[in-house]
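Residue-level listing of the chains:
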Amino acid sequence: IEVPEISSGVIEIKGVAREAGSRSKIAVVSNQDGVDPIGSCVGQRGIRIANIMGELGEERIDIIEWDDELKKFVENALSPAKVNSVKIEDEIAVVKVDEDQLSLAIGKEGQNVRLAAKLTGMKIQVEGPNNVEKVAEPE
């Protein structure tokens, strides 16, 4: 109801990863040129997403852009962290980030990387400049 572009098919929800009551990540894509899928879901000044968050008891919702390319999708899923590189090795996405992005990529108690793993269906290994910091598997 809040995002009419979804019901009309202009925007498609490609995946959802949720820890109820805490945080969700939603991957969206636009099926129409010129329509920003994230901007449409967020709304002017964030009003659409604020209304949805209010309905869910102030659960945080991250809206990310879905991508056909798995490396780019993993990078997007780890938002808001800035990712330096993603390398797919078998069923594991090895993600390298700078030291100042480690806490964002991992998230509080590993929540960000855990939700990204659920959303992408990939085991994600986050590495800082020195070593492996966190590994999360999809459930």
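What you see is a predicted model, and the numbers here were worked out from it, not measured in a lab. (Residues numbered from 1 in each chain as written. Predicted model: local features only at pLDDT ≥ 70, side-chain atom pairs only at ≥ 80, totals over all residues. Heavy atoms only, no water.)

As a further point, take the nonpolar core. Core analysis: the biggest nonpolar cluster contains 25 residues, and Val 74, Leu 78, Val 95, Val 97, Leu 119, Ile 124 and Val 126 have the highest contact counts within it. For this core, the elements supplying multiple residues, two or more each, are helix 4 (70-77), strand 5 (92-96), helix 5 (102-106), helix 6 (111-120) and strand 6 (123-127). By residue number, the principal contributor to this core is helix 6, which donates five residues. (Core = buried A, V, L, I, M, F, W, Y, C linked by side-chain atoms within 4.5 Å. Buried < 20%, exposed > 50% of the residue type's maximum accessible area, 1.4 Å probe, protein only. Helix = DSSP H or I, 4+ residues; strand = E, 2+ residues; numbered from the N terminus.)

In this section: the packing of helix 4 against helix 6. With their axes 9 Å apart at the nearest point, helix 4 and helix 6 run at an angle of 145 degrees to one another. Helix 4 and helix 6 meet at a crossing whose hand is right-handed. Contact with helix 4, carried on its side by Phe 73, Val 74 and Ala 77, involves Asn 112, Ala 116, Leu 119 and Thr 120 of helix 6 and no other residues of that element. Within the contact of helix 4 with helix 6, the residues separate by chemical class into five nonpolar, two polar and no charged. (Axes fitted to C-alpha atoms, helices over the stretch in contact; angles between N-to-C directions. Left-handed = near helix turned anticlockwise from the far one by under 90°. Contact = heavy atoms within 4.5 Å. Nonpolar A, V, L, I, M, F, W, Y, C, P; charged D, E, K, R; others polar.)

We now examine a nonpolar patch on the surface. On the surface, a cluster of nonpolar side chains totalling about 230 Å² of accessible area is made up of Ile 6, Ile 13 and Val 16. Examined against the element boundaries, Val 16 turns out to sit in strand 1 (residues 11-19). (Patch = residues over 30% accessible without salt bridge, like charges linked within 9 Å, V, L, I, M, F, W, Y side chains within 5 Å. Areas by Shrake-Rupley, 256 points an atom, 1.4 Å probe, with all protein chains shown as cover. Salt bridge = Lys/Arg side-chain N within 4 Å of Asp/Glu carboxyl O.)

On to the pattern of salt bridges, then. Per the stated rule, a full pass over the model turns up 11 salt bridges. Among the ionic pairs, Glu 5 bridges to Arg 48, the shortest N-O distance being 2.8 Å. Taken together, the residues Glu 5 in helix 1 (residues 4-7) and Arg 48 in helix 3 (residues 47-55) connect sequence positions 43 residues apart. Glu 19 serves as the salt-bridge partner of Arg 114, at 2.7 Å between the closest nitrogen and oxygen. Of the two residues, Arg 114 sits in helix 6 while Glu 19 sits in strand 1, which places them 95 residues apart along the sequence. The network of salt bridges with common partners includes Arg 23, Lys 25, Arg 60 and Asp 62.

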